[in-house]
Amino acid sequence: MDKKNKRPNIILITADSLRPDFLGCYNPEKKLSKNIDKLASQSLFFENAIVPSYPTFYAFPSIMCGIKPFQYGRYLGVPRNKRVKTIAEVLKANGYSTYAFVADNPLLYGENYNYNRGFDYYFDHKYHEISKKKMVLKYKFQRLFEGYLGEKILKLLSFVNYFFETNHSNAKKINKEIKEFIRKKKKEPYFLWIHYMDTHYPYLSGYKHFNLYKNYIRNFKAKMRYKSNSAYFVKKKKINNKEDLKILTSMYEASIKFLDQEVEDLFNWTKKQKDTYLIFTSDHGEALMEHGNFGHHPTIAYNELIKVPLFIYSPKLKPKKIHNTVSLINLANTISKITNTDYDNFTGFNLIETNNIQIDKHFIANNTTKVISGLSPVYREKIFNNKVEIKEKKMLYSIMKNEYKYIFDEKKEQEELYNIKIDLQETDNLLLKNKETTEDFKEILKKMR
Ligand SMILES: [Zn+2]
(Lines give C-alpha, C1' and ligand atoms only; values in the text may rest on other atoms or scores of the structure.)
Protein backbone atom coordinates (compact mmCIF):
# COMPACT_ATOMS: atom_id res chain seq x y z
CA MET A 1 0.00 0.00 0.00
CA ASP A 2 2.82 2.37 0.87
CA LYS A 3 4.30 2.07 -2.56
CA LYS A 4 0.94 2.80 -4.14
CA ASN A 5 0.47 5.91 -2.04
CA LYS A 6 3.71 7.28 -3.33
CA ARG A 7 2.68 6.95 -6.95
CA PRO A 8 2.35 10.27 -8.78
CA ASN A 9 -0.87 11.76 -10.09
CA ILE A 10 -1.05 12.09 -13.87
CA ILE A 11 -2.87 14.85 -15.71
CA LEU A 12 -3.13 14.40 -19.46
CA ILE A 13 -4.34 17.44 -21.40
CA THR A 14 -5.25 17.14 -25.07
CA ALA A 15 -6.32 20.27 -26.94
CA ASP A 16 -8.08 19.30 -30.17
CA SER A 17 -6.57 20.58 -33.46
CA LEU A 18 -3.85 22.64 -31.76
CA ARG A 19 -0.84 23.33 -33.99
CA PRO A 20 2.56 23.70 -32.31
CA ASP A 21 3.70 26.48 -34.65
CA PHE A 22 0.92 28.72 -33.32
CA LEU A 23 2.37 28.52 -29.80
CA GLY A 24 5.18 30.84 -28.67
CA CYS A 25 7.16 27.91 -27.22
CA TYR A 26 7.51 26.50 -30.77
CA ASN A 27 7.38 29.73 -32.73
CA PRO A 28 8.48 32.90 -30.89
CA GLU A 29 6.73 35.06 -33.50
CA LYS A 30 3.36 33.97 -32.07
CA LYS A 31 2.29 35.73 -28.91
CA LEU A 32 -0.94 33.97 -28.06
CA SER A 33 -0.01 31.52 -25.34
CA LYS A 34 2.04 32.98 -22.49
CA ASN A 35 0.81 30.44 -19.91
CA ILE A 36 1.39 27.40 -22.11
CA ASP A 37 4.80 28.80 -23.14
CA LYS A 38 5.83 29.36 -19.54
CA LEU A 39 4.98 25.84 -18.42
CA ALA A 40 6.61 24.43 -21.57
CA SER A 41 9.86 26.23 -20.68
CA GLN A 42 9.87 24.43 -17.31
CA SER A 43 9.17 21.02 -18.86
CA LEU A 44 10.61 18.16 -20.80
CA PHE A 45 9.87 19.71 -24.16
CA PHE A 46 9.52 17.79 -27.43
CA GLU A 47 10.40 19.92 -30.43
CA ASN A 48 9.21 17.33 -32.95
CA ALA A 49 6.18 15.41 -31.74
CA ILE A 50 3.90 13.74 -34.26
CA VAL A 51 0.62 11.85 -34.22
CA PRO A 52 0.54 8.13 -35.13
CA SER A 53 -2.62 8.83 -37.14
CA TYR A 54 -5.41 11.36 -37.48
CA PRO A 55 -8.18 12.65 -37.32
CA THR A 56 -9.51 12.38 -33.77
CA PHE A 57 -11.04 8.90 -34.14
CA TYR A 58 -7.75 7.40 -35.36
CA ALA A 59 -5.43 9.42 -33.09
CA PHE A 60 -7.00 8.54 -29.74
CA PRO A 61 -7.00 4.72 -29.95
CA SER A 62 -3.20 4.93 -30.32
CA ILE A 63 -2.83 7.57 -27.60
CA MET A 64 -5.01 5.78 -25.06
CA CYS A 65 -4.07 2.16 -25.83
CA GLY A 66 -0.50 2.41 -27.13
CA ILE A 67 -1.50 0.48 -30.25
CA LYS A 68 -0.38 1.07 -33.82
CA PRO A 69 -2.95 2.75 -36.08
CA PHE A 70 -5.29 0.17 -37.69
CA GLN A 71 -3.58 -2.66 -35.79
CA TYR A 72 -7.05 -3.98 -34.94
CA GLY A 73 -8.91 -2.90 -38.08
CA ARG A 74 -10.50 0.39 -39.01
CA TYR A 75 -12.78 0.66 -36.03
CA LEU A 76 -13.19 4.24 -34.82
CA GLY A 77 -12.64 3.95 -31.08
CA VAL A 78 -10.93 1.66 -28.58
CA PRO A 79 -11.01 -1.72 -30.39
CA ARG A 80 -13.33 -4.31 -28.87
CA ASN A 81 -10.50 -6.77 -28.45
CA LYS A 82 -9.38 -8.45 -25.24
CA ARG A 83 -5.72 -7.90 -26.03
CA VAL A 84 -6.21 -4.13 -26.05
CA LYS A 85 -6.06 -2.29 -22.73
CA THR A 86 -6.50 1.44 -22.17
CA ILE A 87 -4.02 3.29 -19.98
CA ALA A 88 -6.95 4.07 -17.65
CA GLU A 89 -7.63 0.31 -17.21
CA VAL A 90 -3.99 -0.39 -16.42
CA LEU A 91 -3.80 2.45 -13.89
CA LYS A 92 -7.10 1.50 -12.26
CA ALA A 93 -5.86 -2.07 -11.83
CA ASN A 94 -2.87 -0.58 -10.02
CA GLY A 95 -4.86 1.38 -7.47
CA TYR A 96 -5.41 4.63 -9.34
CA SER A 97 -8.61 6.66 -9.38
CA THR A 98 -9.37 7.56 -12.98
CA TYR A 99 -11.29 10.62 -14.17
CA ALA A 100 -11.98 12.08 -17.62
CA PHE A 101 -13.46 15.46 -18.53
CA VAL A 102 -13.97 15.52 -22.27
CA ALA A 103 -15.47 18.53 -24.06
CA ASP A 104 -18.41 17.66 -26.26
CA ASN A 105 -17.09 15.74 -29.26
CA PRO A 106 -19.41 12.98 -30.54
CA LEU A 107 -16.38 10.93 -31.58
CA LEU A 108 -15.10 10.74 -28.02
CA TYR A 109 -18.36 9.71 -26.39
CA GLY A 110 -17.35 7.12 -23.86
CA GLU A 111 -20.11 4.59 -24.41
CA ASN A 112 -20.21 4.82 -28.19
CA TYR A 113 -16.51 4.39 -28.77
CA ASN A 114 -15.29 2.62 -25.58
CA TYR A 115 -13.10 5.47 -24.38
CA ASN A 116 -14.70 5.19 -20.93
CA ARG A 117 -13.02 1.80 -20.39
CA GLY A 118 -11.13 1.95 -17.10
CA PHE A 119 -12.47 5.33 -16.00
CA ASP A 120 -14.23 5.64 -12.63
CA TYR A 121 -15.80 8.84 -13.91
CA TYR A 122 -16.05 9.75 -17.60
CA PHE A 123 -17.81 13.03 -18.25
CA ASP A 124 -18.10 13.57 -22.01
CA HIS A 125 -20.69 16.38 -21.96
CA LYS A 126 -22.90 14.08 -23.91
CA TYR A 127 -25.98 16.09 -24.66
CA HIS A 128 -25.39 13.50 -27.22
CA GLU A 129 -28.55 12.01 -28.48
CA ILE A 130 -29.58 15.51 -29.46
CA SER A 131 -26.28 16.48 -31.02
CA LYS A 132 -25.83 13.13 -32.74
CA LYS A 133 -29.25 13.26 -34.33
CA LYS A 134 -28.63 16.85 -35.29
CA MET A 135 -25.36 15.87 -36.97
CA VAL A 136 -26.94 13.03 -38.94
CA LEU A 137 -29.72 15.34 -40.11
CA LYS A 138 -27.24 18.02 -41.01
CA TYR A 139 -25.10 15.74 -43.17
CA LYS A 140 -28.10 14.12 -44.82
CA PHE A 141 -29.51 17.53 -45.59
CA GLN A 142 -26.21 18.77 -46.96
CA ARG A 143 -25.71 15.76 -49.18
CA LEU A 144 -29.24 15.99 -50.48
CA PHE A 145 -28.82 19.57 -51.64
CA GLU A 146 -25.14 19.67 -52.48
CA GLY A 147 -25.65 19.06 -56.14
CA TYR A 148 -28.51 21.48 -56.57
CA LEU A 149 -27.85 24.58 -54.56
CA GLY A 150 -25.64 27.45 -55.58
CA GLU A 151 -22.82 28.86 -53.49
CA LYS A 152 -24.91 31.77 -52.19
CA ILE A 153 -27.64 29.59 -50.78
CA LEU A 154 -25.10 27.23 -49.22
CA LYS A 155 -23.46 30.21 -47.53
CA LEU A 156 -26.80 31.39 -46.23
CA LEU A 157 -27.41 27.91 -44.78
CA SER A 158 -23.95 28.07 -43.26
CA PHE A 159 -24.85 31.36 -41.53
CA VAL A 160 -28.04 29.85 -40.12
CA ASN A 161 -26.13 26.74 -39.09
CA TYR A 162 -23.64 28.82 -37.09
CA PHE A 163 -26.35 29.83 -34.66
CA PHE A 164 -27.12 26.18 -33.96
CA GLU A 165 -23.55 25.47 -32.97
CA THR A 166 -23.08 25.56 -29.23
CA ASN A 167 -20.08 25.92 -27.05
CA HIS A 168 -21.46 24.58 -23.82
CA SER A 169 -18.31 22.75 -22.85
CA ASN A 170 -15.54 25.29 -23.34
CA ALA A 171 -12.35 25.30 -21.28
CA LYS A 172 -13.74 27.76 -18.74
CA LYS A 173 -16.71 25.53 -17.95
CA ILE A 174 -14.69 22.32 -17.93
CA ASN A 175 -12.03 23.73 -15.60
CA LYS A 176 -14.75 24.83 -13.19
CA GLU A 177 -16.23 21.33 -13.23
CA ILE A 178 -12.82 19.76 -12.66
CA LYS A 179 -12.02 22.03 -9.72
CA GLU A 180 -15.31 21.22 -8.02
CA PHE A 181 -14.95 17.52 -8.67
CA ILE A 182 -11.36 17.33 -7.49
CA ARG A 183 -12.11 19.35 -4.35
CA LYS A 184 -14.94 17.02 -3.35
CA LYS A 185 -14.07 13.61 -4.71
CA LYS A 186 -10.44 13.22 -5.58
CA LYS A 187 -8.64 10.18 -4.28
CA GLU A 188 -4.91 9.97 -4.81
CA PRO A 189 -3.16 8.76 -6.79
CA TYR A 190 -5.29 9.70 -9.77
CA PHE A 191 -5.20 9.85 -13.53
CA LEU A 192 -7.08 12.81 -14.98
CA TRP A 193 -7.64 13.20 -18.73
CA ILE A 194 -8.88 16.57 -19.96
CA HIS A 195 -9.85 17.09 -23.60
CA TYR A 196 -10.52 20.65 -24.77
CA MET A 197 -12.41 21.52 -27.96
CA ASP A 198 -11.82 25.28 -28.00
CA THR A 199 -9.20 25.14 -30.75
CA HIS A 200 -11.35 22.85 -32.91
CA TYR A 201 -13.35 24.37 -35.76
CA PRO A 202 -15.60 26.52 -35.58
CA TYR A 203 -13.31 28.09 -32.93
CA LEU A 204 -16.34 29.40 -31.04
CA SER A 205 -14.29 30.23 -27.96
CA GLY A 206 -12.29 32.66 -30.04
CA TYR A 207 -15.31 34.67 -31.06
CA LYS A 208 -15.11 37.10 -28.15
CA HIS A 209 -11.33 37.39 -28.40
CA PHE A 210 -11.35 38.02 -32.13
CA ASN A 211 -9.55 41.30 -32.65
CA LEU A 212 -8.22 41.36 -36.18
CA TYR A 213 -9.10 44.99 -36.92
CA LYS A 214 -8.85 47.91 -34.54
CA ASN A 215 -11.90 49.52 -36.12
CA TYR A 216 -14.97 48.17 -34.29
CA ILE A 217 -17.26 48.14 -37.33
CA ARG A 218 -14.65 46.49 -39.53
CA ASN A 219 -14.06 43.88 -36.85
CA PHE A 220 -17.79 43.23 -36.45
CA LYS A 221 -18.20 42.87 -40.22
CA ALA A 222 -15.32 40.38 -40.31
CA LYS A 223 -17.01 38.29 -37.60
CA MET A 224 -20.26 38.25 -39.56
CA ARG A 225 -18.38 37.31 -42.69
CA TYR A 226 -16.77 34.46 -40.76
CA LYS A 227 -20.13 33.24 -39.52
CA SER A 228 -21.62 33.14 -42.96
CA ASN A 229 -18.66 31.38 -44.57
CA SER A 230 -17.00 29.06 -42.09
CA ALA A 231 -19.28 26.02 -42.33
CA TYR A 232 -19.10 26.35 -46.08
CA PHE A 233 -15.28 26.21 -45.93
CA VAL A 234 -15.41 23.07 -43.85
CA LYS A 235 -17.64 21.39 -46.36
CA LYS A 236 -15.48 22.47 -49.29
CA LYS A 237 -12.24 21.90 -47.31
CA LYS A 238 -10.92 24.95 -49.08
CA ILE A 239 -10.76 28.71 -48.64
CA ASN A 240 -10.07 30.52 -51.88
CA ASN A 241 -10.27 34.12 -50.78
CA LYS A 242 -7.23 35.63 -48.99
CA GLU A 243 -9.34 37.90 -46.77
CA ASP A 244 -11.46 34.94 -45.65
CA LEU A 245 -8.34 32.94 -44.83
CA LYS A 246 -6.98 35.84 -42.79
CA ILE A 247 -10.22 36.12 -40.81
CA LEU A 248 -10.42 32.36 -40.21
CA THR A 249 -6.77 32.12 -39.13
CA SER A 250 -7.35 35.01 -36.77
CA MET A 251 -10.39 33.23 -35.28
CA TYR A 252 -8.22 30.12 -34.73
CA GLU A 253 -5.59 32.29 -33.02
CA ALA A 254 -8.23 33.91 -30.82
CA SER A 255 -9.38 30.46 -29.69
CA ILE A 256 -5.79 29.62 -28.68
CA LYS A 257 -5.66 32.85 -26.69
CA PHE A 258 -8.87 31.88 -24.90
CA LEU A 259 -7.59 28.39 -24.10
CA ASP A 260 -4.30 29.77 -22.82
CA GLN A 261 -6.07 32.16 -20.43
CA GLU A 262 -8.25 29.39 -19.11
CA VAL A 263 -5.43 26.95 -18.35
CA GLU A 264 -3.48 29.42 -16.19
CA ASP A 265 -5.26 28.42 -12.98
CA LEU A 266 -5.00 24.72 -13.71
CA PHE A 267 -1.27 25.01 -14.43
CA ASN A 268 -0.63 27.01 -11.24
CA TRP A 269 -2.58 24.50 -9.20
CA THR A 270 -0.67 21.59 -10.79
CA LYS A 271 2.66 23.22 -10.00
CA LYS A 272 1.75 23.32 -6.32
CA GLN A 273 1.23 19.55 -6.25
CA LYS A 274 4.54 17.92 -5.42
CA ASP A 275 3.80 14.59 -6.94
CA THR A 276 1.99 15.32 -10.19
CA TYR A 277 3.00 14.94 -13.82
CA LEU A 278 1.22 17.07 -16.39
CA ILE A 279 1.37 16.07 -20.05
CA PHE A 280 0.19 18.60 -22.62
CA THR A 281 -0.47 17.69 -26.26
CA SER A 282 -3.01 17.63 -29.11
CA ASP A 283 -4.58 14.96 -31.34
CA HIS A 284 -3.59 16.58 -34.69
CA GLY A 285 -3.03 19.98 -36.25
CA GLU A 286 -5.15 22.04 -38.61
CA ALA A 287 -4.52 22.76 -42.29
CA LEU A 288 -4.92 26.44 -43.13
CA MET A 289 -4.42 26.20 -46.90
CA GLU A 290 -0.65 25.62 -46.74
CA HIS A 291 -1.09 22.81 -49.27
CA GLY A 292 -4.51 23.74 -50.62
CA ASN A 293 -6.58 22.22 -47.78
CA PHE A 294 -8.52 23.51 -44.84
CA GLY A 295 -9.42 21.48 -41.76
CA HIS A 296 -8.22 18.05 -40.65
CA HIS A 297 -9.80 15.67 -43.09
CA PRO A 298 -7.29 12.87 -43.73
CA THR A 299 -5.94 13.59 -47.19
CA ILE A 300 -2.42 14.85 -46.55
CA ALA A 301 0.52 14.12 -44.27
CA TYR A 302 2.20 17.53 -44.15
CA ASN A 303 3.41 18.97 -40.88
CA GLU A 304 0.51 21.40 -40.39
CA LEU A 305 -1.56 18.27 -39.68
CA ILE A 306 0.73 15.68 -38.18
CA LYS A 307 2.91 17.75 -35.84
CA VAL A 308 1.57 18.43 -32.34
CA PRO A 309 2.76 20.20 -29.21
CA LEU A 310 4.12 17.90 -26.50
CA PHE A 311 5.67 18.61 -23.13
CA ILE A 312 5.77 16.88 -19.76
CA TYR A 313 5.91 18.95 -16.59
CA SER A 314 6.85 17.63 -13.19
CA PRO A 315 8.83 19.21 -10.35
CA LYS A 316 10.89 16.00 -10.53
CA LEU A 317 11.90 16.51 -14.18
CA LYS A 318 14.70 18.74 -15.33
CA PRO A 319 13.56 21.11 -18.12
CA LYS A 320 15.13 19.90 -21.34
CA LYS A 321 14.52 20.12 -25.09
CA ILE A 322 14.31 16.89 -27.06
CA HIS A 323 14.95 17.16 -30.77
CA ASN A 324 14.25 13.59 -31.97
CA THR A 325 10.95 12.95 -33.72
CA VAL A 326 8.67 11.09 -31.31
CA SER A 327 5.13 9.85 -31.77
CA LEU A 328 2.23 10.05 -29.32
CA ILE A 329 2.06 6.26 -29.62
CA ASN A 330 4.59 6.30 -26.74
CA LEU A 331 2.30 8.17 -24.33
CA ALA A 332 0.54 5.15 -22.78
CA ASN A 333 3.88 3.43 -22.27
CA THR A 334 5.38 6.59 -20.75
CA ILE A 335 2.51 6.99 -18.28
CA SER A 336 2.75 3.32 -17.35
CA LYS A 337 6.51 3.69 -16.70
CA ILE A 338 6.15 6.92 -14.68
CA THR A 339 3.54 5.28 -12.48
CA ASN A 340 5.47 2.04 -12.05
CA THR A 341 2.65 -0.17 -13.27
CA ASP A 342 3.48 -3.62 -14.52
CA TYR A 343 2.19 -3.65 -18.05
CA ASP A 344 4.49 -4.33 -21.00
CA ASN A 345 2.11 -4.43 -23.94
CA PHE A 346 2.03 -0.75 -24.83
CA THR A 347 3.93 0.04 -28.02
CA GLY A 348 6.99 2.24 -27.79
CA PHE A 349 9.20 3.50 -25.00
CA ASN A 350 9.29 5.88 -22.05
CA LEU A 351 9.46 9.39 -23.52
CA ILE A 352 11.33 10.62 -20.46
CA GLU A 353 14.24 8.40 -21.51
CA THR A 354 14.28 9.58 -25.14
CA ASN A 355 17.90 10.73 -25.00
CA ASN A 356 19.13 7.31 -23.88
CA ILE A 357 17.37 5.35 -26.58
CA GLN A 358 19.05 4.09 -29.70
CA ILE A 359 17.60 5.74 -32.80
CA ASP A 360 17.61 2.74 -35.15
CA LYS A 361 15.24 1.70 -37.97
CA HIS A 362 12.91 0.01 -35.49
CA PHE A 363 12.64 3.22 -33.45
CA ILE A 364 12.00 5.30 -36.56
CA ALA A 365 9.36 2.88 -37.90
CA ASN A 366 7.46 3.23 -34.59
CA ASN A 367 7.64 7.01 -34.68
CA THR A 368 5.80 7.56 -37.95
CA THR A 369 2.35 8.52 -39.17
CA LYS A 370 -0.13 6.39 -41.06
CA VAL A 371 -3.52 7.70 -42.18
CA ILE A 372 -6.23 6.55 -44.54
CA SER A 373 -5.56 8.15 -47.90
CA GLY A 374 -8.37 10.36 -49.17
CA LEU A 375 -11.28 9.22 -47.01
CA SER A 376 -14.51 9.78 -48.92
CA PRO A 377 -16.92 12.47 -47.60
CA VAL A 378 -19.64 9.85 -47.04
CA TYR A 379 -17.69 8.67 -44.01
CA ARG A 380 -19.10 11.33 -41.68
CA GLU A 381 -22.63 10.14 -42.13
CA LYS A 382 -21.54 6.53 -41.60
CA ILE A 383 -19.78 7.48 -38.40
CA PHE A 384 -22.78 9.23 -36.95
CA ASN A 385 -24.97 6.34 -37.96
CA ASN A 386 -22.60 4.10 -36.00
CA LYS A 387 -21.49 2.15 -39.05
CA VAL A 388 -18.10 2.62 -37.63
CA GLU A 389 -15.75 0.34 -39.51
CA ILE A 390 -14.32 2.33 -42.39
CA LYS A 391 -13.67 0.31 -45.54
CA GLU A 392 -11.05 2.39 -47.34
CA LYS A 393 -7.76 0.52 -47.31
CA LYS A 394 -5.29 2.71 -49.17
CA MET A 395 -2.86 4.36 -46.78
CA LEU A 396 -0.81 7.50 -46.61
CA TYR A 397 2.55 7.18 -44.80
CA SER A 398 4.90 9.78 -43.39
CA ILE A 399 8.39 9.04 -42.02
CA MET A 400 10.85 11.54 -40.57
CA LYS A 401 14.56 10.90 -40.13
CA ASN A 402 17.11 13.58 -39.32
CA GLU A 403 16.45 16.52 -41.65
CA TYR A 404 14.38 14.49 -44.12
CA LYS A 405 10.73 13.61 -44.40
CA TYR A 406 9.33 10.99 -46.77
CA ILE A 407 5.66 10.66 -47.74
CA PHE A 408 4.11 7.76 -49.63
CA ASP A 409 0.52 7.83 -50.85
CA GLU A 410 -0.77 4.36 -51.82
CA LYS A 411 -3.85 5.73 -53.49
CA LYS A 412 -2.03 8.15 -55.77
CA GLU A 413 1.08 5.90 -55.92
CA GLN A 414 3.05 9.03 -55.21
CA GLU A 415 6.26 9.61 -53.24
CA GLU A 416 7.61 12.87 -51.81
CA LEU A 417 10.85 13.75 -50.06
CA TYR A 418 11.54 17.03 -48.24
CA ASN A 419 14.37 18.56 -46.31
CA ILE A 420 12.22 19.85 -43.45
CA LYS A 421 15.11 21.67 -41.84
CA ILE A 422 15.39 24.20 -44.66
CA ASP A 423 12.05 23.68 -46.43
CA LEU A 424 9.55 24.15 -43.58
CA GLN A 425 6.68 24.56 -46.01
CA GLU A 426 7.34 21.14 -47.65
CA THR A 427 7.17 22.49 -51.19
CA ASP A 428 10.47 21.41 -52.77
CA ASN A 429 10.16 17.69 -53.55
CA LEU A 430 13.69 16.22 -53.57
CA LEU A 431 12.68 12.73 -54.65
CA LEU A 432 14.58 12.72 -57.93
CA LYS A 433 17.58 14.56 -56.53
CA ASN A 434 18.23 12.31 -53.56
CA LYS A 435 17.74 8.67 -54.50
CA GLU A 436 19.93 7.26 -51.73
CA THR A 437 17.83 8.83 -48.96
CA THR A 438 14.63 7.67 -50.66
CA GLU A 439 15.89 4.06 -50.71
CA ASP A 440 16.67 4.32 -47.02
CA PHE A 441 13.11 5.46 -46.30
CA LYS A 442 11.67 2.65 -48.39
CA GLU A 443 13.34 0.16 -46.04
CA ILE A 444 11.59 1.78 -43.07
CA LEU A 445 8.30 1.88 -44.98
CA LYS A 446 8.46 -1.93 -45.37
CA LYS A 447 8.40 -2.25 -41.58
CA MET A 448 5.28 -0.08 -41.42
CA ARG A 449 3.15 -1.81 -44.07
ZN1 LIG B 1 -9.43 16.07 -33.17
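Before reading further, recall that the structure is shown in the block above.
Computed from a predicted model, the values in this text were never measured in an experiment.

Quick word on the overall build of the protein
Here comes step 1: The helix and strand inventory of the protein stands at 15 helices and 17 strands.
Here comes step 2: Evaluated residue by residue, the protein yields a buried proportion of 44% over its 449 residues.

What to know about the sheet that holds strand 14 (residues 369–372)
Here comes step 1: Sheet architecture is open: 4 strands sit in the order 14-15-16-17, paired in antiparallel fashion. Only two strands of the sheet have a single neighbouring strand rather than two, namely strand 14 and strand 17 (414–419). Here the strands of the sheet are splayed against their neighbours by 15 degrees on average, with no regard to which way each runs.
Here comes step 2: As judged from the 4 bridges shared by strand 14 and strand 15 (residues 395–401), these two strands associate in the antiparallel manner. Counted as the bridge partner of Thr 369 is Ser 398 from strand 15.
Here comes step 3: Running over the sheet, helix 15 (residues 435–448) touches strand 14, strand 15, strand 16 (404–409) and strand 17 and is turned about 125 degrees from strand 15.

Examining the environment of Leu 351
Here comes step 1: Mapped onto the elements, Leu 351 comes out in the loop between helix 12 (331–338) and helix 13 (361–366).
Here comes step 2: Leu 351 gets classed as buried once you count the C-beta atoms within 10 Å, which come to 24.
Here comes step 3: When the C-alpha positions of Leu 351 and Ile 322 are compared, they lie 9.6 Å apart, and in sequence the two are 29 residues distant.
Here comes step 4: Filtering out sequence-adjacent residues up to four positions away, Leu 351 remains in contact with Ile 312, Val 326, Asn 330 and Thr 334.

A look at the nonpolar core
As a rule of thumb, nonpolar side chains are buried together in soluble globular proteins.
Here comes step 1: Ranked by internal contacts, the top residues of the largest apolar core, which has 113 residues, are Ile 194 and Phe 311.
Here comes step 2: With 10 residues, the top contributor of residues to this core is helix 10 (residues 242–272).

Points about helix 12
Here comes step 1: Along helix 12, 7 of the 8 residues are buried, which leaves the element largely enclosed by surrounding structure.
Here comes step 2: The positive-phi residue at the C-terminal boundary of helix 12 is Asn 340, with phi of around 60 degrees.

Notes on the environment of Ile 359
Here comes step 1: Residue placement: Ile 359 occurs in the loop between helix 12 and helix 13.
Here comes step 2: On the neighbour-count criterion, Ile 359 (13 C-beta atoms within 10 Å) is partly exposed.
Here comes step 3: As for Ile 359 and Asn 324, which are separated by 35 residues in sequence, their C-alpha atoms are 8.6 Å apart.
Here comes step 4: Not counting chain neighbours up to four residues away, the residues in contact with Ile 359 comprise Asn 324 and Ile 364.

Considerations on the packing of helix 9 (residues 216–236) against helix 10
Here comes step 1: The geometry of helix 9 relative to helix 10 is characterised by a closest axis approach of 10 Å and an angle of 95 degrees between their N-to-C directions. Classified by the angle between their axes, helix 9 and helix 10 sit roughly perpendicular to one another. Along its contact with helix 9, which presents Ala 222, Arg 225, Tyr 226, Asn 229, Ser 230 and Phe 233, the element helix 10 presents Asp 244, Ile 247, Leu 248 and Met 251.
Here comes step 2: Residues that form the contact of helix 9 with helix 10 fall into these classes: 6 nonpolar, 2 polar and 2 charged.

Rules used throughout
- Residues numbered from 1 in each chain as written.
- Predicted model: local features only at pLDDT ≥ 70, side-chain atom pairs only at ≥ 80, totals over all residues.
- Helix = DSSP H or I, 4+ residues; strand = E, 2+ residues; numbered from the N terminus.
- Buried ≥ 20, exposed ≤ 12 C-beta atoms within 10 Å, placed from the backbone.
- Pairing = 2+ DSSP bridges.
- Axes fitted to C-alpha atoms, helices over the stretch in contact; angles between N-to-C directions.
- Contact = placed C-beta atoms within 7 Å.
- Core = buried A, V, L, I, M, F, W, Y, C linked by C-beta atoms within 7 Å.
- Parallel < 35°, antiparallel > 145°, perpendicular 65-115°, else oblique.
- Nonpolar A, V, L, I, M, F, W, Y, C, P; charged D, E, K, R; others polar.

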